[in-house]
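Residue-level structural notes
Spelled out, the chains give:
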Amino acid sequence: MTANSGKPVLLSGSAPSGILTIGNYIGAVRNWVQMQQDYDCIFILVDLHAITVRQDPKELLQRSYQFIAQYLACGLDPEHHILFAQSHVPGHSQLAWLLNCYTQMGQLSRMTQFKDKAQNAEKANVGLFAYPTLMAADILLYDADLVPVGEDQKQHLELTRDLAQRVNNIYNAEIFKVPEPYIPKVGARIMSLQEPTKKMSKSDKAETNYIALLDEPKRIKRKIMRAVTDSGEEIKWDPEGKPGVANLMSIHSAFSGKSFAEIERAYGGQGYGGFKGDVAELVVESLAPIQKRYHEIIDDKVYLNNVLRDGAERACVRSQPALQRFHDAIGFIPAQLHG
Ligand code: TYM
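Residues numbered from 1 in each chain as written. Predicted model: local features only at pLDDT ≥ 70, side-chain atom pairs only at ≥ 80, totals over all residues. Heavy atoms only, no water.

Let's talk about the pairing of strand β3 (residues 82–85)
With burial as the criterion, each face of β3 is covered, one bearing Ile82 and Phe84 and the other bearing Leu83 and Ala85. When strand β2 (residues 40–45) meets β3, the two strands line up parallel, connected through 4 bridges. Within β3, the position partnered with Ile42 by the bridge is Ile82. (Buried < 20%, exposed > 50% of the residue type's maximum accessible area, 1.4 Å probe, protein only. Helix = DSSP H or I, 4+ residues; strand = E, 2+ residues; numbered from the N terminus. Pairing = 2+ DSSP bridges.)

Below is the structure:
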């Protein structure tokens, strides 16, 4: 059903580190759901990426199921598309290794995510350094046409494109498809509620900085009512001068579908209190059906495991041709395996 449906291939992923936030939802998952109509989609729980930071095994396992259940609750359709865990498909690690041999250390040292996460580069693990080549492998294995992500992943996508082009040039053949990024116009970078010049991050230790997809209504309201704004009282789109207000406007817009100009008009002269209350209401209402569905499926491990097994089987098949093309181009002896 999925293979060669004739539709362009959309691929994206998210790491089961921390807690899924409305930043991930608005910047990524929500767009995945909307784009399922027009694309042949591959969604990956990138658990190999998660271990670039030390994880507690029990928590990682639990969180991985929770992520899959949240994706399904958001509306990902595992029957018509492919949803799987990266660690179940060996091609990811295999291609990542090959790509490492085509990537310069200098290129990886310039990745801002590495610079942010590895305060002390000497002590950082090699996986954290090579993270972007694993991400490139995720994408290039499936001949992805389009990769919807938030703005923080743009640099990794540029590297992916660069690697695909480099390999194609070296072997003078179209081994990899060069993917296009898709970064949403609104919500490409949802910011922290308490520090609105930093992105809302699922690995943030301070709970008041983010809204989790599974936060209860009361908690959502409290976090939004306490979100940092400024000493003024005007609802105006000015991300530089009023980052807190701009962030709340982005969240409003993402859930209400209203433009920034419409939001400015609707709240002209009203101050922050009422506006925040409405943003909170919108978030609570938008997340309610997702939370309801999540609670219906999270304890159904048989269902979740079936989805993952089926996804992994199909992903294994789909990942073979690109890997084979690369092996052949490199000059490896073709594997003579039974079955
Ligand atoms: P990750 O797991 O950090 O985030 C998952 C997705 O959510 C987006 N995102 C945001 N969007 C808007 N505002 C925010 N505050 C915000 N925070 C996160 C991210 O841009 C991402 O789209 N390296 C990737 C995962 C990955 C991947 C891939 C993505 C691995 N392989 C292949 C696409 C294709 C990451 O760490 O995302």
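Now that the structure has been shown, we can carry on.
Regarding the site of the ligand
Taken together, 26 residues form the shell around the ligand, and within it Tyr131, Asp138, Gly150, Asp152 and Ile190 come nearest. Between the ligand and Asn24, the relevant distance is 3.1 Å, taken from an oxygen atom to a side-chain nitrogen or oxygen of the residue. In the environment of the ligand, a nitrogen atom lies 2.7 Å from a nitrogen or oxygen atom belonging to the backbone of Ile190. Taken by itself the ligand offers 710 Å² of open surface, and the protein chains cover 97% of this. Counting only elements with at least two residues in the shell around the ligand, the list comes to β1 (9–14), α1 (22–35) and α7 (126–140). (Near = heavy atom within 4 Å. Polar contact = N/O pair within 3.5 Å; in protein donor to acceptor, adjacent residues only side chain to side chain. Areas by Shrake-Rupley, 256 points an atom, 1.4 Å probe, with all protein chains shown as cover.)

Thoughts on α1
Helix length check: α1, at 14 residues, gives a terminal C-alpha distance of 18 Å against a target of 20 Å (1.5 Å per residue), a fit within 8%. A maximum bend of about 35° is found in α1 at Ala28. Of all 14 residues that make up α1, 12 are buried, and the element is covered over most of its length. Listing the buried residues of α1 in full gives Ile22, Gly23, Asn24, Tyr25, Ile26, Gly27, Ala28, Val29, Arg30, Asn31, Trp32 and Met35. For α1, the side-chain oxygen to backbone nitrogen distance between the N-cap and Gly23 is 2.9 Å, and the N-cap itself is Thr21. (Expected span 1.5 Å × (residues − 1). Bend = angle between axes of the 7 residues up to and from the residue.)

Observations concerning the pattern of salt bridges
Under the defined criterion, the tally for this structure stands at 15 salt bridges. One salt bridge in this structure joins Asp310 and Arg314, with 3.0 Å as the shortest N-O distance. Here Asp310 and its partner Arg314 are both found in helix α13 (residues 301–330), 4 residues apart, which amounts to about one turn of the helix. For Asp310, a relative accessible area of 33% corresponds to the partly exposed category. For Arg314, a relative accessible area of 19% gives the class buried. (Salt bridge = Lys/Arg side-chain N within 4 Å of Asp/Glu carboxyl O.)

A word on the packing of helix α4 (residues 91–100) against α7
Where α4 contacts α7, the axes come no closer than 8 Å and their chain directions differ by 120°. In terms of orientation, α4 lies oblique with respect to α7. When you trace α4 past α7, the crossing you get is right-handed. Where α4 approaches α7, its residues His92, Leu95, Ala96, Leu99 and Asn100 are matched on the opposing element by Ala130, Thr133, Leu134, Ala136, Ala137, Asp138 and Leu140. Here the contact of α4 with α7 is composed, by residue class, of 8 nonpolar, 3 polar and 1 charged. (Axes fitted to C-alpha atoms, helices over the stretch in contact; angles between N-to-C directions. Parallel < 35°, antiparallel > 145°, perpendicular 65-115°, else oblique. Left-handed = near helix turned anticlockwise from the far one by under 90°. Contact = heavy atoms within 4.5 Å. Nonpolar A, V, L, I, M, F, W, Y, C, P; charged D, E, K, R; others polar.)

With respect to the packing of helix α9 (residues 217–225) against helix α12 (residues 272–297)
Between α9 and α12, whose axes approach to 9 Å, the crossing angle comes to 150°. In terms of their interaxial angle, α9 and α12 are classed as roughly antiparallel. Crossing hand, α9 versus α12: right-handed. Of the residues in α12, those in contact with Pro217, Ile220, Lys221, Ile224 and Met225 of α9 are Gly273, Lys276, Gly277, Val279, Ala280, Glu281, Val283, Val284, Leu287 and Gln291.

Things to note about unusual backbone geometry
Positive phi, close to 50°, is recorded for Asp143, a residue that is not glycine. When you line up the elements, Asp143 lands in the loop between α7 and β4 (146–148). Positive phi is not limited to glycine here, since Asn172 has a value of about 50°. Among the secondary structure elements, Asn172 is positioned in the loop between α8 (154–171) and β5 (180–182).

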